[in-house]
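# Architecture at a glance
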Amino acid sequence: MAKKRTLRSGFTTGTAAAAAVKGALSLLFTGGCPDKVRIPFLSEGHVDISLVSCSMEGETAVCTVMKDGGDDPDITRNAIIGARVWRDDAGGESFVLIGGQGVGRVTRPGLEVPVGEAAINPGPVKMIRGVVDTLRAETGDLDPLVIEIFVPEGEVMAEKTLNSRLGIEGGISILGTTGIERPLSHEAYEATVRSSIKVAKAMGAHSVVCTTGRRSERFAMGVFPEFSETCFVQIGDFFKSSMETAGAQVMDVILAVFFGKAVKMAAGIPHTHAAKSDLNLRFLADLVEEMVDDAELVDKVAHSNTAREAFTYLAGPCPEVIDRVGELAAASAARFAGEGIKTRCLIFDFDGNVASDSRKEPV
């Protein structure tokens, strides 16, 4: 039997940016450029990163590295991340960090970076500051600096992300809380959900419409055309943590999901991925048994292959069961979100029609 391969971790765009800064700064301070640079992670350990290019352009040192995301299929995998560094003749701060080509700029409140600034998060800023402090201590060169981070293909990459919805325009974000990029990182997805909810709050919204993917979001946008785009948040499988974030932001919640996810939510399952929690058709069959005097229907639901199959048995003769699933899903959301948060659940059929709505009036 083949042994399961362990997925390989890599490093974040923030670590890559710090490595590019270290290469450029080494060249500016010493006149020489190393083949590799060592960057400490913010948690523990370090990584040695090879430089792709390192050269002087007049009085400016320019260095690039390739981001290695390990086995994580992130859009920035193998992206070129670069830094330009030059001495600040104006003699201002110790160093000024700016975003160049392909680095997004924040246009909406609610993120870790203020409006108007380059989308370089606090973790990467801390790593870059560490690089500057280390090289200054080693060389004694204390001249004020300007450091520009750039990503040649950043604008194109950003089109495949949710950055524009978050209010990040013109490129990607330079991210990382530890510096390590773990494969299929749940932490990264949850961080995006948290940011999305915070941006909706900062933009003045009182409710968020939580869907589990693009298809359910598209249907939800059709139901709520009056809501701005920032109100729609794709929470994926992260039911509990997303509800907790909404609760912390005092945001009411509208779940807009398909039946399979709704059943898991109704059962109070915190993470609704199939690998984490099997679709509880027994839970659904028990619900049918409580509400309907039909042993044959109970058996058909219990032995369905999928929630989609079970839905076909219930949609016509027993819409009250589907309604009850929506009510229980909304109740689970309220329990996770905490006291005082209003919740509502819409369940779509597989053509995008609203099969059930736990509340008729808007949240």
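Residues numbered from 1 in each chain as written. Predicted model: local features only at pLDDT ≥ 70, side-chain atom pairs only at ≥ 80, totals over all residues. Heavy atoms only, no water.

### Things to note about the packing of aromatic side chains
Aromatic ring pairs are reported here in terms of the distance separating the ring centres and the angle at which the planes meet. Rule in force here: Each Phe, Tyr or Trp ring, with Trp reduced to its six-membered ring, pairs with another whose centre is within 6.5 Å; inter-plane angles below 30 degrees give stacked pairs, above 60 give edge-to-face pairs, and intermediate values give tilted ones. Segments assigned H or I by DSSP are reported as helices when at least four residues long, segments assigned E as strands when at least two residues long, and all are numbered from the N terminus. For each residue, the accessible area found with a 1.4 Å probe, counting protein chains only, is set against the maximum for its type, and the residue is called buried under 20%, exposed over 50%, and partly exposed in between. We call a charge positioned over a ring when the NZ of a Lys or the CZ of an Arg lies within 6 Å of the ring centre and within 35 degrees of the ring normal.
Following the criterion strictly, the structure yields 10 aromatic pairs and no others. On the numbers, 5.3 Å between centres and 55° between planes, the contact of Phe-259 with Phe-311 is tilted. Here the residue Phe-259 occupies a position in helix α8 (residues 259-266), and Phe-311 occupies one in helix α11 (residues 307-314), the gap between them amounting to 52 residues. Overall, Phe-311 belongs to the buried group, its relative accessible area being 5%. Put simply, the rings of Phe-219, Phe-258, Phe-259, Phe-311, Phe-348 and Phe-350 touch in pairs and so form one group of aromatic residues. Positioned above the aromatic ring of Phe-150 is the side chain of Arg-84, whose terminal nitrogen or guanidinium carbon lies 4.1 Å from the ring centre. Positioned over the ring face of Phe-350 is Arg-308, at 4.2 Å from the centre of the ring.

### So, the pattern of salt bridges
Under the convention used in this document: Whenever a carboxyl oxygen of Asp or Glu lies within 4 Å of a side-chain nitrogen of Lys or Arg, that contact is scored as a salt bridge.
Following the criterion strictly, the structure yields 10 salt bridges and no others. The partner of Asp-48 in a salt bridge is Arg-38, with the nearest N and O atoms 2.8 Å apart. Highlighted residues: Asp-48 in strand β3 (residues 46-57) and Arg-38 in strand β2 (residues 36-40), separated in sequence by 10 residues. A relative accessible area of 44% means that Arg-38 is categorised as partly exposed. Arg-84 serves as the salt-bridge partner of Glu-148, at 2.7 Å between the closest nitrogen and oxygen. Residue Glu-148 is located in strand β8 (residues 145-150), and its partner Arg-84 is located in strand β5 (residues 80-87); the two are separated by 64 residues in the primary sequence. When its relative accessible area of 15% is taken as the criterion, Glu-148 is described as buried. On the basis of relative accessible area, Arg-84 is assigned to the partly exposed category, the value being 24%. Salt bridges sharing common partners tie together Arg-87, Asp-141 and Asp-143.

### Quick look at helix α5 (residues 186-202)
Going by this rule: The span you would expect from a helix comes to 1.5 Å times its residue count less one. For this quantity, the arc is that covered by the directions from the helix axis to the C-beta atoms. Here a residue-residue contact requires only that any non-hydrogen atoms of the pair lie within 4.5 Å.
Compared with the 24 Å implied by 1.5 Å per residue over 17 residues, the 24 Å span of α5 between its first and last C-alpha is a close match. Looking only at α5, the buried set comprises Val-193, Ser-196, Ile-197, Val-199 and Ala-200. Buried positions in α5, seen along its axis, are confined to an arc of 160° and lie on one side of it. Against α4 (163-166), β11 (207-211), β12 (232-234) and α7 (239-248) lie the buried residues of α5. Downstream of α5 by one or two residues, Gly-204 has phi in the positive range, about 100°.

### As for the state of the cysteines
Worth spelling out the cut-off: Throughout, disulfides are identified as pairs of cysteine sulfur atoms within 2.5 Å of each other.
Overall, the coordinates contain one disulfide when judged by the stated rule. Each disulfide pairs two cysteine sulfurs, and for Cys-33 the partner residue is Cys-54, the sulfurs being separated by 2.1 Å. For the disulfide bridge between Cys-33 and Cys-54, the dihedral angle about the S-S bond is near 110°, and by the sign convention the bridge is right-handed. Here Cys-33 is found in the loop between α1 (13-30) and β2, whereas its partner Cys-54 is found in strand β3, with 21 residues between them in sequence. With relative accessibility at 31%, the residue Cys-33 sits in the partly exposed group. The closest cysteine sulfur to the non-disulfide-bonded Cys-210 is located on Cys-231, 11 Å from its own sulfur. Accessibility expressed as a relative area gives 0% for Cys-210, which makes it buried.

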